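Fold and geometry: a report
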Amino acid sequence: MHKSYFIETFGCQMNVADSELVAGLLEKEGFSATEKIEQADAVFVNTCAIREHAEEKVHSQLGRYYKLKQEKPSMIIGVLGCMAQHLQDDILESRPYVDLVLGPDSYRRLPGLIRSRMESSNSKVDTQLSRFEVYDGMFPSRNEGINAWISIMRGCDKFCTFCIVPFTRGRERSRSVDSIVSEARNAAEQGFPEITLLGQNVNSFSNDGDNFAALLEAVARVDGIRRIRYTSPHPQDMTEDVLNVMATYDNICNYVHLPLQAGSNRILKRMNRTYSREHFLKLADTIRNTLPNVGISTDIIVGFPGETDSEFNKTMEVMNAIKFDSAFTFKYSSRPGTKAAEFTDHVPAEVMQDRLEKIMALQKQHTFERNLEQVGKVEQVLVEKPSKRSSEKWAGRTDANKWVIFNCGNAKIKDMVPVEIIEARGISLHGKLLKAKAAA
Ligand code: SAH
Ligand code: SF4
Ligand code: F3S
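Everything numeric in this text was worked out from a predicted model, so none of it was measured.

This part takes up the site of ligand 3. Taken together, the residues surrounding ligand 3 are Cys12, Asn15, Thr47, Cys48, Ala49, Ile50, Cys82, Val165, Arg169 and Gln200. Residue composition of the shell around ligand 3, by class: 6 nonpolar, 3 polar and 1 charged.

This is how it looks when you write it as structure tokens:
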């Protein structure tokens, strides 16, 4: 019997990678992917619980799925990922038409659970977290494109007080260097020019005596990989060894995502971030000194419980001192079950909104200033896709993770080409293709 599936993915890149794992499992089971959700025999939503808004988006999608299922009652609806782990049986209480609820460590059991769901009328919930599951030896069905995602570790032991991840993804565990290297080799053979190593704390990677620096070096030596990225490192675990490996290998991108969260030491402590503002400032300096022309991005939360105006100003001070190349900025969202959810000194919504707007404006200015520094330089750009604005232009990224729009010339997607940066406009760069080389 021919069966089809459809997966929709919310949340971070780990979820994107997990959806590819799930797709691989389903295809092994005889399912094939369909683009038409209304025709699918099984519809999955891979969910995120990081902020309230992320959960709301999933709830509204589930409402849509319910309508589809009324048209096609045999359709199986599965909720996967972090929200499934967080809410477990509660999902079935509010959404009784859901057939399967699986947490992030339960995917190997998905084919069996689909079969048993088809044979019985009971919904199945599997949210057993594992200390060991790293999905070694599985074959993800990768989305076509430039980048192959490779998870190198799962879970998180940091327990930042605002964060749900340690509860939804369980304890930290790392894969072996050998299995990661062989997956990287596969991706290169399949024609992916770029790989991104993924984990909630990539630099606390630890397996059989190998640390993150050793892993990064092993991956950099795989033939055929032109670009290696990784996300996210934790500021506390960033070592000079990692930076030195980055400086040594040309194919490791000159880019670090370094989540600051807040600039006041009292708030950092209350967040249990385990570093001080001084440590962070020094680390940013060390990164810029070791890796000239590096791109540094960050994550910032405004309105953490108890954050005063002057503490918020400290976040802006750190931003001014570092001038990040880009930043993901968030309003604090209380997550039931976390330590911070017990704090009662909430920052009013209007104050949070005002702070968010302030740091967004400040970051926009910094991004522009950093981009201006690029004008006149010649950068190696990986051609990724047609520009949204013009079909005669390509969009690609520099190794410092900056998007550049430039004339197509005879360059093709996946080529690495020299581009002279001629203008910084808004938050993007515009360039001129110098001499297109064929892909290696
Ligand atoms: N492991 C990564 C973060 C993953 S979550 C790290 O430690 O850097 C991505 C970002 O979401 C976080 O860096 C944080 O800025 C934001 N975030 C996490 N929980 C949040 C919450 N409860 N409210 C608002 N933002 C949050
Ligand atoms: Fe969440 Fe902190 Fe772990 Fe990142 S390090 S996933 S923010 S608990
Ligand atoms: Fe969201 Fe889970 Fe990622 S909560 S951010 S999908 S680890």
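Let us now look at the site of ligand 2. In the vicinity of ligand 2, the contacting residues are Cys156, Lys158, Phe159, Cys160, Phe162, Cys163, Val165, Pro166, Gln200, Asn201, His234 and Arg273. Of the residues in the shell around ligand 2, the class split is 7 nonpolar, 3 polar and 2 charged.

Here the focus is the pairing of strand 15 (residues 295–302). With 8 of its 8 residues buried, strand 15 lies for the most part within the structure. Burial along strand 15 is two-sided: Gly295, Ser297, Asp299 and Ile301 and Ile296, Thr298, Ile300 and Val302, pointing in opposite directions, are all buried. With 6 bridges connecting them, strand 15 and strand 16 (residues 326–331) associate as parallel partners. For Asp299, the partnering residue across the bridge sits in strand 16 and is Phe328. For the crossover that starts at strand 15, traverses helix 12 (residues 309–322) and ends in the parallel strand 16, the hand is right-handed.

As a packed pair, helix 12 and helix 13 (residues 349–372) sit with axes 10 Å apart at the nearest point and diverge in direction by 10 degrees. The angle between helix 12 and helix 13 places the two elements in the roughly parallel class. Judged by residue contacts, Asp309, Phe312, Met316, Met319, Asn320 and Ile322 of helix 12 engage Arg355, Lys358, Ile359, Leu362, Gln363, His366 and Arg370 from helix 13. Looking at side-chain class alone, the contact of helix 12 with helix 13 contains 6 nonpolar, 3 polar and 4 charged residues.

What the 3 strands build is an open sheet, ordered 7-10-13; its pairing is parallel. On the outer flanks of this sheet lie strand 7 (147–151) and strand 13 (227–231), each paired with one strand and no other. If you compare each strand with its neighbour and ignore which way they point, the axes differ by 25 degrees on average. Relative to strand 10 (residues 194–198), strand 7 is paired through 5 bridges, and the arrangement is parallel. Considered in strand 10, the bridge of Asn147 is made with Glu194.

Among the surface-exposed residues, Phe368, Leu372 and Val375 lie close enough to one another that they form a single nonpolar patch of about 220 Å² accessible area. Among the secondary structure elements, Val375 is positioned in the loop between helix 13 and strand 17 (378–386).

Judged by pairing direction, the sheet is parallel, and its 3 strands sit side by side in the order 14-15-16 without closing on themselves. Bordering the open sheet on either side are strand 14 (255–257) and strand 16, each of which pairs with just one other strand. Recorded for the sheet is a direction-independent mean angle of 10 degrees between the axes of neighbouring strands. Sheet strands touched by helix 13: strand 15 and strand 16. Its angle to strand 16, the strand with the most contacts, is close to 175 degrees.

Another aspect to go through is the side chain of Thr398. Along the polypeptide, Thr398 turns up in the loop between strand 18 (393–397) and strand 19 (403–407). Under the relative-accessibility criterion, Thr398 is labelled buried at 2%. Excluding anything up to four places from it in sequence, Thr398 contacts Arg227, Arg229, Glu379, Gln380, Val381 and Val404.

Attention shifts here to the side chain of Lys402. Looking at the secondary structure, you find Lys402 in the loop between strand 18 and strand 19. In this structure the side chain of Lys402 is engaged in a polar contact, spanning 2.8 Å, whose partner is the side chain of Asp325. Filtering out sequence-adjacent residues up to four positions away, Lys402 remains in contact with Asp325, Arg370, Asn371, Gln374, Gly396, Arg397 and Leu429.

The next thing to look at is helix 13. Spanning 24 residues, helix 13 covers 35 Å between terminal C-alpha atoms, matching the ideal 34 Å at 1.5 Å per step. For helix 13, the elements touching its buried residues are helix 11 (277–290), strand 15, helix 12, strand 16, strand 20 (416–425) and strand 21 (428–433).

Evaluated as defined, the whole model comprises 1 cavity of 30 Å³ or more. One number sums up the size of the largest cavity: a volume of about 120 Å³. In this structure, the largest cavity is lined by 13 residues; those nearest its centre are Leu21, Pro140, Ser151, Arg175 and Glu183. Those elements that place two or more of their residues in the lining of the largest cavity are helix 1 (13–28) and strand 7. It is helix 1 that provides the largest number of residues to the lining of the largest cavity, a total of 3 residues.

How each quantity is defined
Residues numbered from 1 in each chain as written. Chains lettered and ligands numbered in written order. Predicted model: local features only at pLDDT ≥ 70, side-chain atom pairs only at ≥ 80, totals over all residues. Heavy atoms only, no water. Near = heavy atom within 4 Å. Nonpolar A, V, L, I, M, F, W, Y, C, P; charged D, E, K, R; others polar. Buried < 20%, exposed > 50% of the residue type's maximum accessible area, 1.4 Å probe, protein only. Helix = DSSP H or I, 4+ residues; strand = E, 2+ residues; numbered from the N terminus. Pairing = 2+ DSSP bridges. Right-handed = clockwise from strand over helix to strand, strands pointing away. Axes fitted to C-alpha atoms, helices over the stretch in contact; angles between N-to-C directions. Parallel < 35°, antiparallel > 145°, perpendicular 65-115°, else oblique. Contact = heavy atoms within 4.5 Å. Patch = residues over 30% accessible without salt bridge, like charges linked within 9 Å, V, L, I, M, F, W, Y side chains within 5 Å. Areas by Shrake-Rupley, 256 points an atom, 1.4 Å probe, with all protein chains shown as cover. Salt bridge = Lys/Arg side-chain N within 4 Å of Asp/Glu carboxyl O. Polar contact = N/O pair within 3.5 Å; in protein donor to acceptor, adjacent residues only side chain to side chain. Expected span 1.5 Å × (residues − 1). 1 Å grid on protein atoms, 1.4 Å probe; cavity = no way out; pocket = protein on both sides within 12 Å on 5 of 7 lines; lining within 4 Å. Points joined across faces, edges and corners; volume = space filled by probe spheres on them.

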